[in-house]
Amino acid sequence: MAADLVGPDGFVVGVDRSQDALARARLRAGQRGLAQVRFVEGDLNDPAPGGPFDAIVERLVLWTVPDPAALLRRQVTVLRPGGLVVPIEEDLSTIRSLPESAFGTRVKSWLVEAFAKAGMSMVGSRLWAIVQEAGLRPVGMIGVQPHFGPGDELGIAFLVETMRNAEPLIVGTGVATAEEIGMETFEQRLRDENQRTQAVGAYPILLSAWATTGPE
């Protein structure tokens, strides 16, 4: 998306500490012929290499660090005057079903408690205050929350994959046992619950703020 915004005359630098994530990103960029995109291994606590930049976009990063404002302050040192900072975060506590489902409520509680115990708290609507604390001027903020109807395959796949990825953390923090989660039957139990309640699932709100270093 960033490559589409800057066009062929701009450039994008993607930073991640995971070699696997970088390999997948390079593959996708190569498949699309995006010569203006470069991916480098690095620590997100350090300023991105290759600046100065017109904009810094961070996705699902701030909730993993103890001081998100400090991280932003370090990143903006490679931002051009008047440039934009666009953090994008989600809030797992906003997961719900309509009508409320005991199964869905239990899953949400596992996720929220496990991430909190691991020191990763939901940023959510605190984004506005965080960019201000970083010395930036917030300009706007928006939230998007996907909803899935009963039996929607995309919604089921999303929740199953979320739980599959989160299971080691949930078990490791002592929030629930592997037997309680029961990944072997998790998808079927989710389908059964959806069929019984005919509930609409509301998945985590994805929130973004955009802020600038420039004056009003």
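Let us look at the structure shown here.

1. Focus on the environment of Pro8
Thinking step 1. By the element assignment, Pro8 lies in the loop between α1 (2-6) and β1 (12-16).
Thinking step 2. Through-space distance from the C-alpha of Pro8 to that of Gly174 is 49 Å; in sequence the pair is 166 residues apart.

2. Considerations on the pattern of salt bridges
Thinking step 1. Under the criterion given, the structure shown has 6 salt bridges.
Thinking step 2. Between Lys117 and Glu113 there is a salt bridge whose closest N-O contact spans 3.6 Å. Placement of the pair is Lys117 and Glu113 together in helix α4 (residues 102-117), with a separation of 4 residues, close to one helical turn.
Thinking step 3. What makes Lys117 exposed here is its relative accessible area of 51%.
Thinking step 4. We note a salt bridge from Arg191 to Glu153, for which the minimum N-O separation is 2.8 Å. One end of the pair, Arg191, is in helix α8 (residues 183-197); the other, Glu153, is in helix α6 (residues 153-172), and 38 residues separate them in sequence.

3. Observations concerning the side chain of Glu89
Thinking step 1. By the element assignment, Glu89 lies in strand β4 (residues 79-91).
Thinking step 2. We note that Glu89 is buried and unpaired, the nearest opposite charge coming from Arg126 at a distance of 8.5 Å.
Thinking step 3. Polar contacts involving the side chain of Glu89 include one to the main-chain amide nitrogen of Leu62, which spans 2.8 Å.
Thinking step 4. If we skip the residues at most four places from it in the chain, Glu89 touches Leu60, Val61, Leu62, Trp63, Val123, Leu127, Ile205, Leu206 and Leu207.

4. So, the layout of surface pockets
Thinking step 1. Looking at the largest pocket, its volume works out to about 1,900 Å³.
Thinking step 2. For the largest pocket, the lining is made up of 50 residues, of which Ala2, Val12, Val13, Gly14 and Val57 are closest to its centre.
Thinking step 3. In terms of residue count, the dominant contributor to the lining of the largest pocket is strand β3 (residues 53-59) (7 residues).
Thinking step 4. Reported here for the second largest pocket is a volume of approximately 710 Å³.

5. Looking at α4
Thinking step 1. Under the 1.5 Å per step criterion, the end-to-end length of α4 is 22 Å for 16 residues, consistent within 8% with the ideal 22 Å.
Thinking step 2. Of all the positions in α4, only Phe103, Val107, Trp110, Leu111, Ala114 and Phe115 are classed as buried. Relative to the axis of α4, the buried residues are bounded by an arc of 110° and lie together on one face. Turned more than 90 degrees off the buried face of α4, the exposed positions are Ala102 and Lys117.
Thinking step 3. Looking at the buried positions of α4, the neighbouring elements they touch are α6, α7 (178-181) and α8.
Thinking step 4. Where α4 begins, one side-chain oxygen reaches toward the backbone nitrogen of Phe103, 3.3 Å away; that side chain belongs to Ser101.
Thinking step 5. Following α4 by one or two positions, Gly119 has its phi on the positive side, about 85°.

6. Brief notes about unusual backbone geometry
Thinking step 1. With an omega dihedral of 0°, the bond running from Leu98 to Pro99 counts as a cis peptide bond.
Thinking step 2. Positioned with a positive phi, Leu60 is a non-glycine residue whose angle comes to about 55°.
Thinking step 3. Among the structural elements, Leu60 can be located in the loop between β3 and α3 (68-75).

7. Quick word on the packing of α6 against α8
Thinking step 1. Remark: α6 packs on α8, axes separated minimally by 10 Å, with the N-to-C direction vectors making an angle of 145°. Once α6 is placed against α8, the crossing between them reads as right-handed. Within the contact between the two elements, α6 uses Glu153, Ile156, Leu159, Val160, Met163, Arg164 and Glu167 and α8 uses Met183, Phe186, Glu187, Leu190, Arg191 and Asn194.
Thinking step 2. Of the residues that constitute the contact of α6 with α8, the class distribution is 7 nonpolar, 1 polar and 5 charged.

Conventions adopted
As a convention, each chain's residues are numbered from 1 in the sequence order in which they are written. Selection of residues for local features in this predicted model requires a pLDDT of at least 70, selection of side-chain atom pairs for listing and counting requires 80 or more, and totals for whole chains, interfaces and linings are taken over all residues. To obtain the side-chain values, all non-hydrogen atoms of the structure were used and water was disregarded. Strands here mean DSSP runs of E at least two residues long; helices mean DSSP runs of H or I at least four residues long; both are numbered from the N terminus. Salt bridges, as used here, are contacts in which a Lys or Arg side-chain nitrogen is within 4 Å of a carboxyl oxygen on Asp or Glu. Only protein chains enter the accessibility calculation, which uses a 1.4 Å probe; a residue whose area is less than 20% of its type maximum is buried, one above 50% is exposed, and one in between is partly exposed. Two residue types count as positive, namely Lys and Arg, and two as negative, namely Asp and Glu; His and chain ends fall outside the count. Contacts described as polar in this section are N or O atom pairs within 3.5 Å, which, within protein, must combine one atom able to donate a hydrogen with one able to accept it, while residues neighboring in sequence count only if both atoms come from side chains. Any two residues whose heavy atoms approach within 4.5 Å are treated as being in contact. Method remark: on a 1 Å grid restricted to protein atoms, a set of points is classed as a cavity if a 1.4 Å probe fits but cannot get out and as a pocket if it is open with protein on both sides within 12 Å along at least five of seven lines; lining residues have an atom within 4 Å of a point. Grid points are joined across faces, edges and corners, and a volume is the space filled by probe spheres set on the points. Between the first and last residue of a helix there are one fewer steps than residues, each counted as 1.5 Å, and that sum is the expected span. Relevant arc is that of directions from the helix axis to the C-beta atoms, nothing else. Every angle, taken between N-to-C directions, lies between 0 and 180 degrees, and every axis is a line fitted to C-alpha atoms, over only the stretch in contact when it is a helix. Should the near helix be turned anticlockwise from the far one by less than a right angle, the crossing is left-handed, and should it be turned clockwise, the crossing is right-handed. Three classes are used: nonpolar for Ala, Val, Leu, Ile, Met, Phe, Trp, Tyr, Cys and Pro, charged for Asp, Glu, Lys and Arg, and polar for all others, with Gly counted as polar.

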